[in-house]
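# Descriptive analysis of the structure
Here is how the chains run, residue by residue.
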Amino acid sequence: MKAVVGFMVILLGVSHGVETHCDGRQDGAQCYGALGGTVDIQLMDSTSEISRYQLLKNSLKILDVREKMILSNTIVHRSVFFPSNGTFRITNLSRTDSGDYTLQTFDSDGKSSGVQILQLFFQAPVSSVLLVSECLSQGERRVSCSSEGGDSPQYSWTLDGRTLTDAEILSGNMKTNVITLKQHVSGHLACSVKNLVSKVSKEQRLSTCGFIFINCTSVNGTQVSGWVYEANNILCIEPTTEPSTTPQTAVEIGHLPLISGVLSTLIIFLVVVVAAVCAQRKKQNSKTKATPSSYSAEEENDQEEIFADLRVVKQQAKQLEKRAELEFCRVKCSKRPRQTEPTIDDCLYVNVHKFR
(Lines give C-alpha, C1' and ligand atoms only; values in the text may rest on other atoms or scores of the structure.)
Protein backbone atom coordinates (compact mmCIF):
# COMPACT_ATOMS: atom_id res chain seq x y z
CA MET A 1 0.00 0.00 0.00
CA LYS A 2 2.88 2.38 0.80
CA ALA A 3 4.43 1.64 -2.57
CA VAL A 4 1.18 2.47 -4.37
CA VAL A 5 0.75 5.76 -2.49
CA GLY A 6 4.36 6.77 -3.21
CA PHE A 7 3.92 6.04 -6.89
CA MET A 8 0.81 8.20 -7.00
CA VAL A 9 2.63 11.08 -5.33
CA ILE A 10 5.44 10.86 -7.90
CA LEU A 11 3.00 10.90 -10.77
CA LEU A 12 1.25 13.88 -9.24
CA GLY A 13 4.52 15.78 -8.94
CA VAL A 14 5.48 15.00 -12.53
CA SER A 15 2.09 15.98 -13.91
CA HIS A 16 1.97 19.30 -12.10
CA GLY A 17 5.63 20.11 -12.67
CA VAL A 18 7.46 22.96 -11.01
CA GLU A 19 5.57 25.70 -9.18
CA THR A 20 6.90 29.25 -9.37
CA HIS A 21 5.79 32.59 -7.98
CA CYS A 22 5.69 35.81 -9.99
CA ASP A 23 5.38 39.34 -8.59
CA GLY A 24 3.55 41.32 -11.26
CA ARG A 25 2.72 44.37 -9.16
CA GLN A 26 5.50 46.40 -10.73
CA ASP A 27 5.08 47.69 -14.26
CA GLY A 28 7.44 45.98 -16.70
CA ALA A 29 8.05 42.92 -14.49
CA GLN A 30 9.36 39.71 -16.08
CA CYS A 31 8.49 36.23 -14.81
CA TYR A 32 9.60 32.73 -15.78
CA GLY A 33 7.98 29.35 -15.45
CA ALA A 34 8.53 25.74 -16.43
CA LEU A 35 6.47 24.06 -19.12
CA GLY A 36 3.95 21.74 -17.55
CA GLY A 37 4.30 23.53 -14.24
CA THR A 38 2.32 26.14 -12.33
CA VAL A 39 2.81 29.89 -11.91
CA ASP A 40 1.18 32.15 -9.30
CA ILE A 41 1.01 35.75 -10.53
CA GLN A 42 0.33 38.38 -7.88
CA LEU A 43 -1.44 41.14 -9.80
CA MET A 44 -2.22 43.53 -6.89
CA ASP A 45 -2.06 43.81 -3.10
CA SER A 46 -5.82 44.02 -2.57
CA THR A 47 -8.92 44.15 -4.75
CA SER A 48 -11.19 45.82 -2.17
CA GLU A 49 -10.63 49.36 -3.47
CA ILE A 50 -10.74 48.48 -7.18
CA SER A 51 -14.12 48.39 -8.79
CA ARG A 52 -13.10 46.57 -11.94
CA TYR A 53 -9.95 45.09 -13.50
CA GLN A 54 -9.13 43.09 -16.58
CA LEU A 55 -6.16 40.91 -17.56
CA LEU A 56 -5.31 40.79 -21.25
CA LYS A 57 -2.77 38.65 -23.10
CA ASN A 58 -1.60 40.15 -26.39
CA SER A 59 -4.73 42.36 -26.40
CA LEU A 60 -6.97 39.30 -25.81
CA LYS A 61 -9.01 39.49 -22.59
CA ILE A 62 -8.61 36.35 -20.51
CA LEU A 63 -9.89 37.60 -17.11
CA ASP A 64 -12.59 40.17 -16.24
CA VAL A 65 -13.52 40.92 -12.60
CA ARG A 66 -16.05 43.46 -11.24
CA GLU A 67 -16.71 44.01 -7.53
CA LYS A 68 -14.87 40.75 -6.70
CA MET A 69 -17.10 38.87 -9.13
CA ILE A 70 -15.49 37.04 -12.02
CA LEU A 71 -17.30 38.00 -15.18
CA SER A 72 -15.16 35.91 -17.54
CA ASN A 73 -12.14 33.63 -17.58
CA THR A 74 -11.15 32.16 -20.95
CA ILE A 75 -8.77 29.59 -19.38
CA VAL A 76 -10.95 28.65 -16.43
CA HIS A 77 -10.21 24.94 -16.95
CA ARG A 78 -6.58 25.43 -15.82
CA SER A 79 -6.61 28.71 -13.90
CA VAL A 80 -8.08 30.21 -10.74
CA PHE A 81 -8.25 33.75 -9.34
CA PHE A 82 -8.05 34.61 -5.63
CA PRO A 83 -9.71 38.03 -5.05
CA SER A 84 -8.61 38.12 -1.42
CA ASN A 85 -4.93 38.63 -2.32
CA GLY A 86 -5.14 39.45 -6.04
CA THR A 87 -3.31 36.26 -7.21
CA PHE A 88 -3.97 34.60 -10.55
CA ARG A 89 -2.79 30.96 -10.82
CA ILE A 90 -2.20 29.20 -14.15
CA THR A 91 -1.48 25.47 -14.25
CA ASN A 92 -0.23 23.07 -16.91
CA LEU A 93 1.76 25.82 -18.59
CA SER A 94 2.38 25.63 -22.34
CA ARG A 95 4.49 27.61 -24.76
CA THR A 96 1.41 29.54 -25.90
CA ASP A 97 1.13 31.00 -22.40
CA SER A 98 4.29 33.03 -22.95
CA GLY A 99 3.81 36.64 -23.96
CA ASP A 100 2.91 40.13 -22.76
CA TYR A 101 0.16 40.45 -20.16
CA THR A 102 -1.59 43.75 -19.44
CA LEU A 103 -3.56 44.55 -16.28
CA GLN A 104 -6.08 47.37 -16.62
CA THR A 105 -7.89 48.84 -13.60
CA PHE A 106 -11.02 51.03 -13.55
CA ASP A 107 -12.69 53.25 -10.96
CA SER A 108 -16.38 53.25 -10.02
CA ASP A 109 -17.20 55.54 -12.99
CA GLY A 110 -15.65 53.05 -15.44
CA LYS A 111 -12.63 55.27 -16.16
CA SER A 112 -9.18 53.71 -16.50
CA SER A 113 -7.19 54.17 -13.30
CA GLY A 114 -4.00 52.36 -14.23
CA VAL A 115 -2.16 50.01 -16.59
CA GLN A 116 0.57 47.46 -15.76
CA ILE A 117 2.49 45.37 -18.26
CA LEU A 118 3.90 41.96 -17.34
CA GLN A 119 6.08 39.65 -19.47
CA LEU A 120 5.85 35.89 -18.95
CA PHE A 121 8.34 33.35 -20.33
CA PHE A 122 7.84 29.61 -20.08
CA GLN A 123 10.56 27.08 -20.93
CA ALA A 124 11.12 23.36 -20.76
CA PRO A 125 13.33 22.58 -17.74
CA VAL A 126 16.60 20.65 -18.02
CA SER A 127 15.91 17.10 -16.89
CA SER A 128 19.33 15.42 -16.97
CA VAL A 129 22.95 15.95 -18.01
CA LEU A 130 25.35 13.50 -19.69
CA LEU A 131 29.11 14.01 -19.40
CA VAL A 132 31.41 12.09 -21.79
CA SER A 133 35.21 12.38 -22.09
CA GLU A 134 37.79 10.83 -24.39
CA CYS A 135 41.57 11.01 -24.81
CA LEU A 136 43.00 12.39 -28.05
CA SER A 137 46.16 11.31 -29.86
CA GLN A 138 48.44 13.89 -28.23
CA GLY A 139 47.19 13.42 -24.68
CA GLU A 140 44.50 16.08 -24.73
CA ARG A 141 41.07 15.24 -23.39
CA ARG A 142 37.84 16.18 -25.13
CA VAL A 143 34.80 16.48 -22.87
CA SER A 144 31.24 16.91 -24.09
CA CYS A 145 28.25 17.89 -21.98
CA SER A 146 24.75 17.21 -23.28
CA SER A 147 21.38 17.80 -21.68
CA GLU A 148 18.05 16.14 -22.10
CA GLY A 149 15.18 18.56 -22.50
CA GLY A 150 15.58 22.17 -21.60
CA ASP A 151 15.05 25.23 -23.79
CA SER A 152 17.98 27.57 -24.46
CA PRO A 153 20.49 25.69 -22.25
CA GLN A 154 23.51 27.57 -20.95
CA TYR A 155 26.69 25.69 -20.05
CA SER A 156 29.40 26.35 -17.51
CA TRP A 157 32.43 24.36 -16.30
CA THR A 158 34.31 24.04 -13.02
CA LEU A 159 37.35 22.04 -11.93
CA ASP A 160 37.60 21.10 -8.26
CA GLY A 161 34.99 23.72 -7.45
CA ARG A 162 36.65 26.61 -9.29
CA THR A 163 36.30 28.10 -12.74
CA LEU A 164 38.49 26.64 -15.48
CA THR A 165 41.31 28.91 -16.67
CA ASP A 166 42.64 29.59 -20.15
CA ALA A 167 45.81 27.70 -19.21
CA GLU A 168 43.73 24.54 -18.82
CA ILE A 169 41.48 24.82 -21.88
CA LEU A 170 43.00 24.01 -25.27
CA SER A 171 39.87 24.73 -27.32
CA GLY A 172 36.33 25.83 -26.58
CA ASN A 173 35.33 28.15 -23.77
CA MET A 174 33.36 28.24 -20.57
CA LYS A 175 30.03 28.64 -22.39
CA THR A 176 30.29 25.81 -24.92
CA ASN A 177 29.10 22.27 -24.33
CA VAL A 178 32.31 20.73 -25.80
CA ILE A 179 35.76 21.64 -24.56
CA THR A 180 39.26 20.21 -25.01
CA LEU A 181 41.49 20.15 -21.96
CA LYS A 182 45.28 20.27 -22.01
CA GLN A 183 47.40 17.24 -21.17
CA HIS A 184 48.17 18.09 -17.55
CA VAL A 185 44.59 18.75 -16.40
CA SER A 186 43.08 16.37 -13.83
CA GLY A 187 40.58 16.57 -10.99
CA HIS A 188 36.82 16.73 -10.46
CA LEU A 189 35.29 18.29 -13.56
CA ALA A 190 31.69 19.48 -13.36
CA CYS A 191 29.37 20.66 -16.13
CA SER A 192 26.33 22.75 -15.21
CA VAL A 193 23.39 23.24 -17.57
CA LYS A 194 20.77 25.82 -16.79
CA ASN A 195 18.08 27.96 -18.32
CA LEU A 196 15.61 30.44 -16.91
CA VAL A 197 13.66 27.82 -14.97
CA SER A 198 16.10 25.03 -13.99
CA LYS A 199 19.70 24.05 -13.35
CA VAL A 200 21.30 20.58 -13.38
CA SER A 201 24.97 19.58 -12.84
CA LYS A 202 27.05 16.51 -13.57
CA GLU A 203 30.52 15.75 -12.17
CA GLN A 204 33.23 13.35 -13.30
CA ARG A 205 36.67 12.49 -11.92
CA LEU A 206 39.28 13.04 -14.63
CA SER A 207 42.85 11.79 -14.78
CA THR A 208 45.56 12.49 -17.34
CA CYS A 209 45.75 10.35 -20.46
CA GLY A 210 49.15 8.86 -19.55
CA PHE A 211 51.25 11.48 -21.32
CA ILE A 212 54.32 13.18 -19.86
CA PHE A 213 56.21 16.29 -20.92
CA ILE A 214 59.85 15.72 -21.89
CA ASN A 215 62.57 18.25 -22.55
CA CYS A 216 65.91 16.60 -23.18
CA THR A 217 68.45 15.48 -25.74
CA SER A 218 67.71 12.15 -27.40
CA VAL A 219 70.25 9.37 -27.91
CA ASN A 220 71.09 10.68 -31.39
CA GLY A 221 71.75 14.21 -30.09
CA THR A 222 68.45 15.79 -31.16
CA GLN A 223 66.76 18.23 -28.79
CA VAL A 224 63.30 16.87 -27.94
CA SER A 225 60.56 18.86 -26.23
CA GLY A 226 56.89 17.93 -26.07
CA TRP A 227 54.24 15.55 -24.75
CA VAL A 228 54.74 11.82 -25.28
CA TYR A 229 52.95 8.71 -24.08
CA GLU A 230 54.91 7.62 -21.03
CA ALA A 231 54.60 3.87 -21.63
CA ASN A 232 56.04 4.19 -25.16
CA ASN A 233 58.68 6.82 -24.44
CA ILE A 234 61.94 5.92 -26.21
CA LEU A 235 62.99 9.43 -27.21
CA CYS A 236 64.58 10.43 -23.92
CA ILE A 237 65.90 7.76 -21.56
CA GLU A 238 67.67 8.66 -18.34
CA PRO A 239 71.34 7.51 -18.38
CA THR A 240 72.02 4.41 -16.27
CA THR A 241 75.87 4.66 -16.40
CA GLU A 242 78.32 7.36 -15.54
CA PRO A 243 79.31 9.80 -18.29
CA SER A 244 82.34 8.93 -20.42
CA THR A 245 85.79 9.55 -19.00
CA THR A 246 86.90 13.17 -19.28
CA PRO A 247 90.46 14.12 -20.38
CA GLN A 248 91.33 15.01 -16.78
CA THR A 249 90.22 11.55 -15.61
CA ALA A 250 92.35 9.94 -18.33
CA VAL A 251 95.41 11.85 -17.15
CA GLU A 252 94.72 10.76 -13.61
CA ILE A 253 94.41 7.10 -14.66
CA GLY A 254 97.70 7.31 -16.57
CA HIS A 255 99.57 8.29 -13.38
CA LEU A 256 97.97 5.65 -11.17
CA PRO A 257 100.49 2.85 -12.01
CA LEU A 258 103.45 5.07 -11.12
CA ILE A 259 101.89 6.22 -7.87
CA SER A 260 100.98 2.63 -6.98
CA GLY A 261 104.54 1.49 -7.61
CA VAL A 262 106.02 4.19 -5.39
CA LEU A 263 103.61 3.41 -2.57
CA SER A 264 104.33 -0.33 -2.90
CA THR A 265 108.09 0.28 -2.62
CA LEU A 266 107.53 2.42 0.47
CA ILE A 267 105.52 -0.37 2.07
CA ILE A 268 108.28 -2.90 1.29
CA PHE A 269 110.89 -0.73 3.02
CA LEU A 270 108.66 -0.42 6.05
CA VAL A 271 108.36 -4.20 6.17
CA VAL A 272 112.19 -4.51 6.00
CA VAL A 273 112.54 -2.13 8.92
CA VAL A 274 110.07 -4.10 11.00
CA ALA A 275 111.88 -7.37 10.11
CA ALA A 276 115.23 -5.88 11.15
CA VAL A 277 113.87 -4.79 14.50
CA CYS A 278 112.41 -8.25 15.10
CA ALA A 279 115.72 -9.92 14.17
CA GLN A 280 117.58 -7.68 16.60
CA ARG A 281 115.24 -8.57 19.43
CA LYS A 282 115.66 -12.26 18.65
CA LYS A 283 119.46 -11.85 18.66
CA GLN A 284 119.31 -10.15 22.03
CA ASN A 285 117.33 -13.02 23.47
CA SER A 286 119.87 -15.60 22.22
CA LYS A 287 122.74 -13.77 23.98
CA THR A 288 121.15 -13.64 27.42
CA LYS A 289 123.49 -16.49 28.57
CA ALA A 290 126.69 -14.61 27.59
CA THR A 291 128.90 -12.63 30.07
CA PRO A 292 127.84 -9.09 30.87
CA SER A 293 131.02 -7.48 29.54
CA SER A 294 131.04 -9.29 26.22
CA TYR A 295 127.29 -8.81 25.87
CA SER A 296 127.52 -5.07 26.36
CA ALA A 297 130.23 -4.66 23.72
CA GLU A 298 128.48 -6.76 21.16
CA GLU A 299 125.15 -5.08 21.94
CA GLU A 300 126.63 -1.63 21.34
CA ASN A 301 128.08 -2.73 17.99
CA ASP A 302 124.80 -4.30 16.91
CA GLN A 303 122.80 -1.23 17.92
CA GLU A 304 125.14 1.02 15.92
CA GLU A 305 124.69 -1.20 12.87
CA ILE A 306 120.91 -1.26 13.26
CA PHE A 307 120.74 2.52 13.72
CA ALA A 308 122.90 3.00 10.64
CA ASP A 309 120.59 0.70 8.66
CA LEU A 310 117.55 2.48 10.00
CA ARG A 311 118.96 5.87 8.98
CA VAL A 312 119.55 4.63 5.45
CA VAL A 313 116.08 3.11 5.25
CA LYS A 314 114.52 6.28 6.65
CA GLN A 315 116.32 8.44 4.08
CA GLN A 316 115.22 6.19 1.26
CA ALA A 317 111.64 6.17 2.57
CA LYS A 318 111.61 9.97 2.68
CA GLN A 319 112.88 10.12 -0.90
CA LEU A 320 110.13 7.75 -2.02
CA GLU A 321 107.54 9.72 -0.08
CA LYS A 322 108.66 12.94 -1.78
CA ARG A 323 108.39 11.26 -5.17
CA ALA A 324 104.86 10.06 -4.34
CA GLU A 325 103.85 13.53 -3.14
CA LEU A 326 105.29 15.12 -6.28
CA GLU A 327 103.25 12.74 -8.45
CA PHE A 328 100.16 13.47 -6.35
CA CYS A 329 100.72 17.18 -6.88
CA ARG A 330 101.04 16.73 -10.64
CA VAL A 331 97.82 14.74 -10.78
CA LYS A 332 95.95 17.28 -8.65
CA CYS A 333 97.24 20.20 -10.68
CA SER A 334 96.20 18.46 -13.88
CA LYS A 335 92.55 18.71 -12.71
CA ARG A 336 92.73 22.50 -12.67
CA PRO A 337 91.89 24.59 -15.76
CA ARG A 338 94.72 24.52 -18.29
CA GLN A 339 97.05 27.38 -17.39
CA THR A 340 100.73 26.77 -16.70
CA GLU A 341 102.66 23.69 -15.64
CA PRO A 342 102.81 23.16 -11.84
CA THR A 343 106.01 24.44 -10.25
CA ILE A 344 108.12 22.96 -7.49
CA ASP A 345 106.92 25.74 -5.19
CA ASP A 346 103.31 24.69 -5.76
CA CYS A 347 104.15 21.13 -4.84
CA LEU A 348 106.15 22.23 -1.80
CA TYR A 349 103.14 24.28 -0.68
CA VAL A 350 100.95 21.23 -1.04
CA ASN A 351 103.40 19.15 1.00
CA VAL A 352 103.68 21.75 3.78
CA HIS A 353 99.89 22.18 3.89
CA LYS A 354 99.44 18.41 4.07
CA PHE A 355 101.75 17.91 7.08
CA ARG A 356 100.30 20.78 9.12
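On to the confidence of the model for the chain. A residue-level look at the chain finds 66% of positions with pLDDT of 70 or above and a mean pLDDT of 75. Note on residues 1-16: pLDDT is under 50 here. Beyond four places in sequence and across chains, it has four contacts. For the stretch residues 337-356, pLDDT sits under 50, and the model shows ten contacts to residues farther than four places along the chain or on other chains.

Next up on the list: the pattern of salt bridges. Counted according to the given criterion, the structure contains nine salt bridges. As a salt-bridge pair, Glu 19 and Arg 89 come within 3.9 Å of each other at their nearest N and O atoms. One end of the pair, Glu 19, is in strand β1 (residues 19-23); the other, Arg 89, is in strand β8 (residues 87-90), and 70 residues separate them in sequence. The closest approach of N and O atoms between Arg 78 and Asp 97, which form a salt bridge, is 2.6 Å. Taken together, the positions of Arg 78 in the loop between β6 (69-73) and β7 (79-82) and Asp 97 in the loop between β8 and β9 (99-106) put the pair 19 residues apart, joining distant regions of the chain. Look at Arg 78 and you get buried, because its relative accessible area is 16%. For Asp 97, a relative accessible area of 4% gives the class buried.

This part is about the packing of aromatic side chains. For any two aromatic rings, the description comes down to two numbers: the centre-to-centre distance and the angle of the planes. Summed over all chains, the structure comprises three aromatic pairs. Each ring, one from Tyr 53 and one from Phe 81, has its centre 5.7 Å from the other, and the planes form 55°; the classification is tilted. Taken together, the positions of Tyr 53 in strand β4 (residues 52-57) and Phe 81 in strand β7 put the pair 28 residues apart, joining distant regions of the chain. Here Tyr 53 and Phe 81 have matching classes, each one buried. Judged by centre distance (5.6 Å) and plane angle (65°), the ring pair of Phe 213 and Trp 227 falls under edge-to-face. Placement of the pair is Phe 213 in strand β19 (residues 211-217) and Trp 227 in strand β20 (residues 223-229), with a sequence separation of 14 residues. Residue Phe 213 is classed as partly exposed on the basis of its relative accessible area, which comes to 48%. In this structure Trp 227 comes out as partly exposed when scored by relative accessible area, which is 29%.

Below, the discussion takes up the state of the cysteines. Tallying each qualifying case throughout the model produces three disulfides. Here Cys 22 engages in a disulfide with Cys 31; their sulfurs sit 1.5 Å apart. As the torsion about the S-S bond is roughly 70°, the Cys 22-Cys 31 disulfide counts as right-handed.

This part takes up the sheet that holds strand β16 (residues 178-181). Pairing is antiparallel in the open sheet, where four strands are placed in the order β11-β12-β16-β15. Looking along the sheet, the strands with just one partner apiece sit at the ends: β11 (126-135) and β15 (169-171). Strand-to-strand twist in this sheet, taken as the mean axis angle between neighbours without regard to direction, amounts to 30°. Where β15 meets β16, two bridges bridge the pair, whose relative direction is antiparallel. The partner of Ile 169 across the bridge, within β16, is Leu 181.

About the thresholds
Residues numbered from 1 in each chain as written. Predicted model: local features only at pLDDT ≥ 70, side-chain atom pairs only at ≥ 80, totals over all residues. Heavy atoms only, no water. pLDDT = per-residue confidence, 0-100. Contact = heavy atoms within 4.5 Å. Salt bridge = Lys/Arg side-chain N within 4 Å of Asp/Glu carboxyl O. Helix = DSSP H or I, 4+ residues; strand = E, 2+ residues; numbered from the N terminus. Buried < 20%, exposed > 50% of the residue type's maximum accessible area, 1.4 Å probe, protein only. Phe/Tyr/Trp six-rings, centres within 6.5 Å; stacked < 30°, edge-to-face > 60°. Disulfide = S-S within 2.5 Å. Pairing = 2+ DSSP bridges. Axes fitted to C-alpha atoms, helices over the stretch in contact; angles between N-to-C directions.

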